[in-house]
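Inside the fold
The residues making up each chain are set out below.
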Amino acid sequence: MKLQQLIERLKKGIKRSVLKKKLFELYPDLDFDIAVEFLKAQGLPIIEKNNIFYLSTSFNNFQDETFCIVDIETNGSKPENSQIIEIGAIKIKNGEIIDTFNELVKTDDIPEFIQEITGITKEMLKNAKSQKEVLKKFKEFIGDAIFVAHDSYFDFNYIKSQLQKEGLGELLNLEICTLTLSKKTIEATRYGLKYLTEELNLPKEQLHRALGDAKTTGRIMLIGFEKLPKNIKKTNDLIEFAKGSRTIKNKVLKKQKKKKH
């Protein structure tokens, strides 16, 4: 909780003396400069201006930001007793894909129904890297980019849990959920990846495979960006706008409700 409060304060700026005190409360064994570098290594884009520390997203125009669009496949829904079996991600900057990440993850445990949904088999995973190896590479890949996923609540928290389980630290990247973003910007009857692909006439990728779903999510994100209100300019503005419940009413339902009245 204290860490989340600190992140919110960094958006507006914190004096060095205040940040030093806050970081000592969180990490009493770490020197101030090391604690700042530690947070940066977990994905927080901290910068210093005139002895005040901020998140760079307070100043960056969102069009110039780097977004890491992520999708995972898992062998169960609860992170405490399951694991990742595939991570796919793309980095987008200025509307273009600038990098790609795609890794299967070794496991002997993959239920039949998961194999049927994803097409990922035990044979495909037997020579894959361990979850720890893949997550270490993924952390290096994402850096301090904005984490983006379709229903990011699941993907972000699942990855965060597995990083902690593997002793690889935190996932502190700022995040955007394209499920809520699309409901606020795109008119559609349903908002799952499959339905948005059809309604928006997007290129068809292999469903329930991580990289394909990440590419589809990236396309939805960019369409959402085109339909943002004009006052959304900075990355922090975008992040705040995209927040909301996963059950937020979509634009079509809102229009229908208005017509009834």
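Rules used in this analysis
- Residues numbered from 1 in each chain as written.
- Predicted model: local features only at pLDDT ≥ 70, side-chain atom pairs only at ≥ 80, totals over all residues.
- Heavy atoms only, no water.
- Core = buried A, V, L, I, M, F, W, Y, C linked by side-chain atoms within 4.5 Å.
- Buried < 20%, exposed > 50% of the residue type's maximum accessible area, 1.4 Å probe, protein only.
- Contact = heavy atoms within 4.5 Å.
- Phe/Tyr/Trp six-rings, centres within 6.5 Å; stacked < 30°, edge-to-face > 60°.
- Helix = DSSP H or I, 4+ residues; strand = E, 2+ residues; numbered from the N terminus.
- Lys NZ or Arg CZ within 6 Å of the ring centre and 35° of its normal.
- Polar contact = N/O pair within 3.5 Å; in protein donor to acceptor, adjacent residues only side chain to side chain.

Observations concerning the nonpolar core
Grouped together as the largest cluster of nonpolar side chains are 37 residues, with contacts concentrated most on Leu23, Leu39, Phe67 and Leu238. Apart from residues no more than four positions distant in its own chain, Leu39 is found in contact with Leu3, Leu6, Leu23, Tyr27, Leu44, Ile46 and Leu172. Grouped together as the second largest cluster of nonpolar side chains are 22 residues, Val70, Phe101, Phe138 and Tyr158 included.

Brief notes about the packing of aromatic side chains
The geometry of an aromatic ring pair is captured by the separation of the ring centres together with the interplanar angle, meaning the angle of the planes. This structure, assessed with the given rule, holds nine aromatic pairs. Arranged with centres 5.4 Å apart and planes meeting at 45 degrees, the rings of Phe101 and Phe141 form a pair that is tilted. You can see Phe101 sitting in strand β6 (residues 96–104) and its partner Phe141 sitting in helix α6 (residues 131–142), a full 40 residues away along the chain. Each member of the pair, Phe101 as well as Phe141, carries the same accessibility label: buried. Pairing Phe147 with Phe156 gives two aromatic rings, centres 5.1 Å apart and planes at 90 degrees, and the pair type is edge-to-face. Overall, Phe156 belongs to the buried group, its relative accessible area being 6%. An aromatic cluster is present here, built from Phe62, Phe67 and Phe225 joined pairwise through their rings. The positively charged end of Lys91 is found above the aromatic ring belonging to Phe141, 5.0 Å away from the centroid. Directly above the ring of Phe241 sits Lys184, whose terminal nitrogen or CZ lies 5.3 Å from the centroid.

Side note on the side chain of Thr235
Here Thr235 lies in helix α11 (residues 235–242). There is a polar contact of 2.7 Å between the side chain of Thr235 and the side chain of Glu65. When near neighbours in sequence (up to four residues on either side) are disregarded, Thr235 contacts Thr57, Asn60, Asn61, Phe62, Glu65 and Ile146.

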